[in-house]
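Coordinate inspection notes
Listed below are the residues making up each chain.
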Number of protein chains: 2
Amino acid sequence: MLTYSFENVKEPLYEYIYKCIKSDIIAGNLKAGEKLPSKRTFARNNGISTITIQNAYDQLMSEGYIFSLPKKGYYVANIDIMSKIPKEARIALDIQLPEEKISYDIDLSNNAINPDNFPFSIWAKLSRETISNRKKELMEASPTGGKFEVRAAIAEHLRSFRGMLVDPNQIVIGAGTEYLYGLLIQLLGKDKSYCIENPGYKKLVQIYKQYNVECKFSDMDDKGITVDGLCQSKAEVAHITPNHHFPTGITMPASRRYEVLAWANEKNNRYIIEDDYDSEFRYSGKPIPTLFSMDVCEKVIYMNTFSKSLTPTMRISYMVLPVHLANKFYAQLSFYSCTVSNFEQYTLAAFINKGYFEKHINRMRLYYTRQRRQLMETIIKSKLGKKCEVIENDSGLHFLIKLHTHLSDQEIANRLKKKGIQMKALSEYYLEPAKSKPHYFIINYSNIDVDKVAEACEAIDSVLNK
Amino acid sequence: MLTYSFENVKEPLYEYIYKCIKSDIIAGNLKAGEKLPSKRTFARNNGISTITIQNAYDQLMSEGYIFSLPKKGYYVANIDIMSKIPKEARIALDIQLPEEKISYDIDLSNNAINPDNFPFSIWAKLSRETISNRKKELMEASPTGGKFEVRAAIAEHLRSFRGMLVDPNQIVIGAGTEYLYGLLIQLLGKDKSYCIENPGYKKLVQIYKQYNVECKFSDMDDKGITVDGLCQSKAEVAHITPNHHFPTGITMPASRRYEVLAWANEKNNRYIIEDDYDSEFRYSGKPIPTLFSMDVCEKVIYMNTFSKSLTPTMRISYMVLPVHLANKFYAQLSFYSCTVSNFEQYTLAAFINKGYFEKHINRMRLYYTRQRRQLMETIIKSKLGKKCEVIENDSGLHFLIKLHTHLSDQEIANRLKKKGIQMKALSEYYLEPAKSKPHYFIINYSNIDVDKVAEACEAIDSVLNK
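Residues numbered from 1 in each chain as written. Chains lettered and ligands numbered in written order. Predicted model: local features only at pLDDT ≥ 70, side-chain atom pairs only at ≥ 80, totals over all residues. Heavy atoms only, no water.

So, the overall build of chain A
Looking only at helices and strands, one finds 17 helices and 16 strands in chain A. Dimensions of chain A, computed from C-alpha atoms along their principal axes, come out at roughly 100 × 60 × 50 Å. Looking at the 466 residues of chain A, the share that counts as buried comes to 60%. Considering only contacts within chain A whose residues lie at least 6 apart along the sequence, 71% involve residues at least 24 apart. With the model as given, the accessible surface of chain A reaches about 20000 Å², and the carbon-plus-sulfur share is 49%. Side-chain charges in chain A split into 62 positive and 54 negative, and the spacing between the mean points of these groups amounts to 2 Å. (Helix = DSSP H or I, 4+ residues; strand = E, 2+ residues; numbered from the N terminus. Buried < 20%, exposed > 50% of the residue type's maximum accessible area, 1.4 Å probe, protein only. Contact = heavy atoms within 4.5 Å. Areas by Shrake-Rupley, 256 points an atom, 1.4 Å probe, with all protein chains shown as cover. Lys, Arg positive; Asp, Glu negative; His and termini not counted. Charge placed at Lys NZ, Arg CZ, Asp CG, Glu CD.)

Some words on the relation of the copies chain B and chain A
Mapping chain B onto chain A leaves a residual RMSD of 0.2 Å; the transformation is a rotation of 180° accompanied by 0.0 Å of translation along its axis. The relationship between the two copies is best expressed as a two-fold rotation axis. (Least-squares fit on C-alpha atoms with pLDDT ≥ 70 in both.)

Describing the interface of chain B and chain A
If you look at the interface, chain B gives 91 residues, while chain A gives 92 residues. Approximately 8200 Å² of surface area, both sides summed, lies buried where chain B meets chain A, with 66% of it carried by carbon and sulfur atoms. Between the two partners, chain B and chain A, sit zero salt bridges. Where chain B meets chain A, there are 18 residue pairs in polar contact (both at pLDDT 80 or more). Looking at side-chain class alone, the side of chain B that touches chain A contains 51 nonpolar, 22 polar and 18 charged residues. (Buried area = accessible area lost by both parts, 1.4 Å probe. Salt bridge = Lys/Arg side-chain N within 4 Å of Asp/Glu carboxyl O. Polar contact = N/O pair within 3.5 Å; in protein donor to acceptor, adjacent residues only side chain to side chain. Nonpolar A, V, L, I, M, F, W, Y, C, P; charged D, E, K, R; others polar.)

Considerations on the pattern of salt bridges
All names here are of chain A. Considering all chains together, one arrives at 36 salt bridges over all chains under this definition. Across the pair Arg 162 and Asp 276 runs a salt bridge, and its minimum N-O distance is 2.9 Å. One end of the pair, Arg 162, is in helix H7 (residues 148-162); the other, Asp 276, is in the loop between strand E9 (271-275) and helix H12 (291-294), with 114 residues separating them in the sequence. Residues Arg 162 and Asp 276 agree in their burial class; the two are buried. Measuring nitrogen to oxygen at the nearest pair gives 2.3 Å for the salt bridge that ties Lys 387 to Asp 461. One end of the pair, Lys 387, is in the loop between helix H15 (356-381) and strand E12 (388-391); the other, Asp 461, is in helix H17 (residues 453-465), and 74 residues separate them in sequence.

Section: helix H1 (residues 13-27) of chain A
For an α-helix, the turn length of 3.6 residues means that residues three or four places apart are oriented alike. Residue and element names in this part refer to chain A. Between the first and last C-alpha of H1 there are 21 Å, a value that for 15 residues agrees with the 21 Å anticipated at 1.5 Å per step. Those residues of H1 that sit buried are Tyr 16, Ile 17, Tyr 18, Cys 20, Ile 21, Asp 24 and Ile 25. One or two positions beyond H1, positive phi appears at Gly 28, with a value near 90°. (Expected span 1.5 Å × (residues − 1).)

Considering the state of the cysteines
Taken as a whole, this structure holds zero disulfides over all chains when the rule is applied. Looking at Cys457(A), it has no disulfide partner, and the nearest cysteine sulfur is the one in Cys388(A), 7.4 Å off. (Disulfide = S-S within 2.5 Å.)

A word on the confidence of the model for chain A
Averaged over every residue, the pLDDT of chain A is 89; the share at 70 or more is 96%. For this predicted complex, the interface score ipTM comes out at 0.84, while the overall pTM is 0.84. (pLDDT = per-residue confidence, 0-100.)

Observations concerning the packing of helix H14 (residues 342-353) of chain B against helix H15 (residues 356-381) of chain B
Residue and element names in this part refer to chain B. In the contact formed by H14 and H15, the axes pass within 4 Å of each other and the chain directions differ by 70°. Here H15 runs roughly perpendicular to H14, going by the angle between their axes. For the pair H14 and H15, the contacting residues are Ala 350, Phe 351 and Ile 352 in the first and Tyr 356, Phe 357 and His 360 in the second. Of the residues in the contact of H14 with H15, the class split is five nonpolar, one polar and no charged. (Axes fitted to C-alpha atoms, helices over the stretch in contact; angles between N-to-C directions. Parallel < 35°, antiparallel > 145°, perpendicular 65-115°, else oblique.)

Concerning the sheet that holds strand E15 (residues 424-425) of chain B
Residue and element names in this part refer to chain B. With antiparallel pairing, the four strands of this open sheet are ordered in space as E12-E13-E16-E15. The open sheet has two edge strands with one neighbour each: strand E12 (388-391) and E15. Relative to strand E16 (residues 440-444), strand E13 (residues 398-403) runs antiparallel, the two being bridged by five bridges. Residue pairing across strands places Ile 401 opposite Phe 441, the latter belonging to E16. (Pairing = 2+ DSSP bridges.)

Description of the pairing of strand E1 (residues 66-69) of chain B
All names here are of chain B. Where burial is concerned, the two faces of E1 agree: the one with Ile 66 and Ser 68 and the one with Phe 67 and Leu 69 are both buried. Note: E1 against strand E2 (residues 73-76), four bridges, orientation antiparallel. Directly across from Ser 68, in E2, lies its bridge partner Tyr 74. Where E1 folds back on E2, the antiparallel hairpin that results is connected by three residues, among which Lys 71 adopts a positive phi of roughly 65°.

A short note on the sheet that holds strand E7 (residues 224-225) of chain B
The strands making up a sheet associate through backbone hydrogen bonding, with each pair oriented either parallel or antiparallel. All names here are of chain B. Here eight strands make up an open sheet; going across it, the order is E4-E11-E10-E9-E8-E5-E6-E7 and the pairing mixed. Lying at the two open borders of the sheet, with one neighbouring strand each, are strand E4 (171-174) and E7. Strand direction decides the pairing type here: strand E10 (residues 300-305) and strand E11 (residues 317-320), joined by four bridges, are antiparallel. Bridge pairing in E11 places Thr 305 opposite Ser 317.

And the structure:
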């Protein structure tokens, strides 16, 4: 119960009561959440009118010191938090962060971009020019699919690098392929079931699961995903990497491509998502036309990213929609804001339009060819060379080796881990472990120190000998 | 039927057949998709061995001119698309783009940022420094929630501007609030139903619909959303703008805040999403503590964006999760990549840490105060002043006027449209039109030419007189 002395009060009574309660709240004598006496009780106990108490409470309410709950009464508020905040504060709550990635001495699974290879100075120059010259456009909202300028630049790039003829308005850019998968699920419908390759990119399973859509697997043979597998999955949308399968590196030949297209054409609601994630890096032979180009029935959605060709840390990917899906996209999803910053859209457009992207890809292709060759040679010449087979494929930023061993993949990975080396087994990428082929390992070479590879080979060799 | 002359053939027969068919395909005599004769038929009709035909077909297959379908036979392929691509090509398909926004002479609904107000030169400088000094970090993948540096900068900003004490790891940044809403739906669960304010931000309805989650409305009174409305909606998550309601501008007083928090505490599965989209721009009075700060039961998710305080075209927003939700986020959703580019994350971190953000906000607050006052004065002094009431609220980048008229809102908007003026009615923001209050209109002043306002007032006045 609040007890205040009412002797010698010179100011109006309500103001006196207001001040008393206020200073008790500030001093912490009245704690946040504490119930105040009802006006009636307070008034009766002190021999004052309820109107006086009402006035005091009203003033306290308007200043936020107390609040009322209907039919319950008045409570001390907790809104003087501002004054309690220390000048400098960083709290560290007990939040369980995801496990930090272990840092290995040699990481054969690292697929980051080597900072030495990113065209920083050109990017800086183009950013500066964009900020100087495009102030107005930088402040104007981007359409959902992206600014026309960057989409036109991408269309032109697809024409010259991929032989694809597309209208810029078929292109939708977004902050990463993961984001675009989400858009696609909304576009194609959540009632559809999706089929991915086995082995394949496990993140897709997680993403489809998050959207509550069915995600099936289909087995592969040496030509890629099989139509039998697709049919057995009963899925409607095939999400595949025909140009360079991840992680096996298989390129789907023309005959299989036509079979898969034929599969899509059998039913109205079937589609193919063609993920062309690293097609810029093909080292020999003719580039293989995309499924998108071969398709005449608007069944293929083409996806690509600047993650491999520039850096994954910029978050710019795009998809090319067949015309009827582009129209559906504009009709249903154009209320969304584009997720890529205008600043990077215009800088990227300039990077492509001024020829820097082409030069960069050519330079990187040369660099990766050299890395790849050196790596393969080092492996073959090492003692390990006699205990493994290097599985070449002419594309991408990784290849496989098959170890001649009876050890399990897990055992090999664990033993290497103890030596500070990370190497991932193909079997880790199987979505149904029972079907996995053992003894294949993946060698990523986008960010590897070639000098350390001999050391890695020795370590792998010694692990196999144990 | 293919008929070729086999007289005077000097090269191996299979090669001859291969060349004949190839040139027919290139010349277009054999069209894509056309079926070739079976090896047996072809051989018998020409008196050649099937092996010869087999060899010719194999060569054509390996070069991609034909393909085979199992049990069906050989078909002419369509993969010489590459050679048909013109040197310069931009196709323009008949894609139905969403309606272009009409450009008005005076647009009182424009909420873009005036390019004169964006700190371009500082941003350019910080971008350049980021690119020069942070090469390594720029190439290293960002955690899902964002780089620690930018989250720590935001935490410090929240402390000094909003009196909020948060751990940087409670903060999740993303490419726009729309993207974060999607993440939140995944985090809180799609089985939950969401309740938004009526009137309110219609885009929310579209987003919730896309995710197939229930979206209800709750009426408001002059203190904001009502607990009765929340209860009637039977929703579990209240998505509200208590600090400056969009579009009415109402600020929820402390008493209502406690009621809403009490509502959330009544059941385990209830949450509040507190969207604090323009809280940086409060022109008088104490800033009001956020629901997040008042909440002691981990019921409030705080959201904010740099759209109003910097520019919506950069696409950086963030949410602050209560600890148990942060843990759930890391456990379930940390497989996602962050959707904001490293380049902009580090630039923004520097912008905040070096004090530029605080200066920018202070400058903009002054600018908007002036804009607001000038606008209100112009309206009050004009002939229109006698036919309307200006509804002040001390915050944000818009206010309301109430027109004394019998015309419908639609009629007024249409008449203004004819004069090249856009002004949006509050009634457009009602989610149940039957409940809408007529005659209230919204005046946005973040990007308005104050000199044109007198003209606009005259036009509105003449429209009312008609």
